[in-house]
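Working through the structure, step by step
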Amino acid sequence: MNKFEKQLEKWNHGVLRGAQAKLAKVLGVSTATTALWATGKRHPSKGYVAQMAVLFGLDVYGVLKLFDPRPVLYLDPPVFPQVTALRDKDDYPYLSPVATGRDFTQGNSVKLPFLQTPPAEFDDYDPACVLEWWSIPRRYAQGALYLVRAKDAGLADAQDDDDLCFVKPSHAKATGTVLLLLQADGHCRCVKLQRKAGAVHFIDPISRQPVPLHDGKIIGHITRRIRSL
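So, here is what we can say about the structure in this document.

Conventions used here
Residues numbered from 1 in each chain as written. Predicted model: local features only at pLDDT ≥ 70, side-chain atom pairs only at ≥ 80, totals over all residues. Heavy atoms only, no water. Helix = DSSP H or I, 4+ residues; strand = E, 2+ residues; numbered from the N terminus. Buried < 20%, exposed > 50% of the residue type's maximum accessible area, 1.4 Å probe, protein only. Contact = heavy atoms within 4.5 Å. Areas by Shrake-Rupley, 256 points an atom, 1.4 Å probe, with all protein chains shown as cover. Pairing = 2+ DSSP bridges. Disulfide = S-S within 2.5 Å. Salt bridge = Lys/Arg side-chain N within 4 Å of Asp/Glu carboxyl O. Axes fitted to C-alpha atoms, helices over the stretch in contact; angles between N-to-C directions. Left-handed = near helix turned anticlockwise from the far one by under 90°. Nonpolar A, V, L, I, M, F, W, Y, C, P; charged D, E, K, R; others polar. Core = buried A, V, L, I, M, F, W, Y, C linked by side-chain atoms within 4.5 Å. Parallel < 35°, antiparallel > 145°, perpendicular 65-115°, else oblique.

**Regarding the overall build of the protein**
Of regular secondary structure, the protein possesses 8 helices and 9 strands. A burial count over the protein gives 39% of its 229 residues as buried. Across the protein, the fraction of contacts at a sequence separation of at least 24, relative to all contacts at a separation of at least 6, is 54%. A total accessible area of about 13000 Å² is found for the protein, and carbon and sulfur atoms account for 51% of it.

Next up, the structure:
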């Protein structure tokens, strides 16, 4: 029995039989996929690792160790609570600095939550939507307070789950800014702001075509985009 199977047995109340199928159902994958993880023929993506961290009560590093058969010395993870701890402690400052009056910075770095979906109000996002926390140079974030997948931000050319956007919650309307708009149907889209002859125009940042805006709320703007990790 390998480390992953031992963890499955523990998670399934001491019974290994059926644990792979149960995990597959919870994660929304096939039983063949969890079987490949158990045999080491395939490794789970970052998103599934984050979900298993919550299910197993581990941090991301602990889940990654389940799939590494080598005797590796792992460095201690960053001194920051697990997602499960964030959900258990109502008084922990997992909200934005605006909401808590505290700063998520350590020197020249800043900690940002990677969220499943862009929140309508960043000060009131659901901590269960946190996939993982990122620690990056402050200057790289450019004022962003969270990350989301490009496809969840409504960018039509999003490639995969590693195509990400850094978002700064604001209502700024500077020329050239790529705004994140929450539409009335609950979906997001990005529009680029242009000013011509004193008039404000919105265009699609990918197709460069004009975008007619009806119902919608500006919830932030994209400070940076990365397409590969």
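**Focus on the pairing of strand β5 (residues 164–168)**
Most of β5 sits inside the fold, with 4 of its 5 residues counted as buried. Bridge count between β5 and strand β9 (residues 216–226): 5 bridges; the pairing is antiparallel. Pairing of Cys-165 across the sheet is with Arg-225, part of β9.

**Some thoughts on the state of the cysteines**
Enumeration over the complete set of coordinates arrives at 0 disulfides. You can see Cys-190 has no disulfide; the closest cysteine sulfur is in Cys-165, sitting 5.9 Å from it.

**Quick notes on the pattern of salt bridges**
Evaluation of the coordinates by the stated rule reveals 9 salt bridges. Ionic pairing is found between Asp-161 and Lys-151, a salt bridge with its closest N-O pair at 2.7 Å. Remark: Lys-151 occurs in the loop between β4 (146–149) and β5 and Asp-161 occurs in the loop between β4 and β5; sequence separation between them is 10 residues. The partly exposed category is assigned to Asp-161, whose relative accessible area is 40%. Across the pair Asp-163 and Arg-225 runs a salt bridge, and its minimum N-O distance is 2.9 Å. Of this pair, Asp-163 sits in the loop between β4 and β5 while Arg-225 sits in strand β9, and the two are 62 residues apart along the sequence. Take Arg-225: its relative accessible area is 22%, and that puts it in the partly exposed class. Among the ionic contacts, a cluster of salt bridges with common partners joins Arg-149, Lys-151, Asp-152 and Asp-161.

**Topic: the packing of helix α2 (residues 19–27) against helix α4 (residues 46–56)**
As a packed pair, α2 and α4 sit with axes 11 Å apart at the nearest point and diverge in direction by 115°. Between α2 and α4 the crossing geometry is right-handed. Of the residues in α4, those in contact with Leu-23, Val-26 and Leu-27 of α2 are Tyr-48, Gln-51, Met-52, Leu-55 and Phe-56. Tallied by class, the residues present in the contact of α2 with α4 amount to 7 nonpolar, 1 polar and no charged.

**Comments concerning the nonpolar core**
A general trend in soluble globular proteins is that nonpolar side chains are found buried together. Among the nonpolar cores identified, the biggest contains 19 residues, and Leu-115, Tyr-146, Val-148, Leu-180 and Cys-190 are the most heavily contacted of them. Of all elements in the fold, only β3 (130–137), β4, β5, β6 (178–183), β7 (188–196) and β9 reach the threshold of two or more residues within this core. In terms of residue count, the dominant contributor to this core is β6 (3 residues). Ignoring anything within four residues of it in the chain, the contact list for Leu-180 reads Pro-118, Tyr-146, Ala-153, Val-167, Cys-188, Arg-189, Cys-190, Lys-217, Ile-218, Ile-219, Gly-220 and His-221. If you look at the next biggest cluster of nonpolar residues, it comprises 17 residues, including Phe-4, Leu-8, Ala-19 and Val-29.

**Concerning the environment of Ala-50**
Here Ala-50 lies in helix α4. The class of Ala-50 is buried, set by a relative accessible area of 5%.

**Re the packing of α2 against helix α3 (residues 31–39)**
Each pair of packed helices gets described by two things: the angle between the helix axes and the distance between those axes. Where α2 meets α3, the closest approach of the two axes is 8 Å, and the angle between their N-to-C directions is 120°. With respect to their mutual orientation, α2 and α3 come out oblique. Along this stretch, α2 crosses α3, giving a crossing that reads as right-handed. Taken together, the residues of α3 that come into contact with α2 (itself represented by Gln-20, Ala-21, Leu-23, Ala-24 and Leu-27) are Thr-31, Thr-34, Ala-35, Trp-37 and Ala-38. Class assignment for the residues of the contact of α2 with α3 results in 7 nonpolar, 3 polar and no charged.

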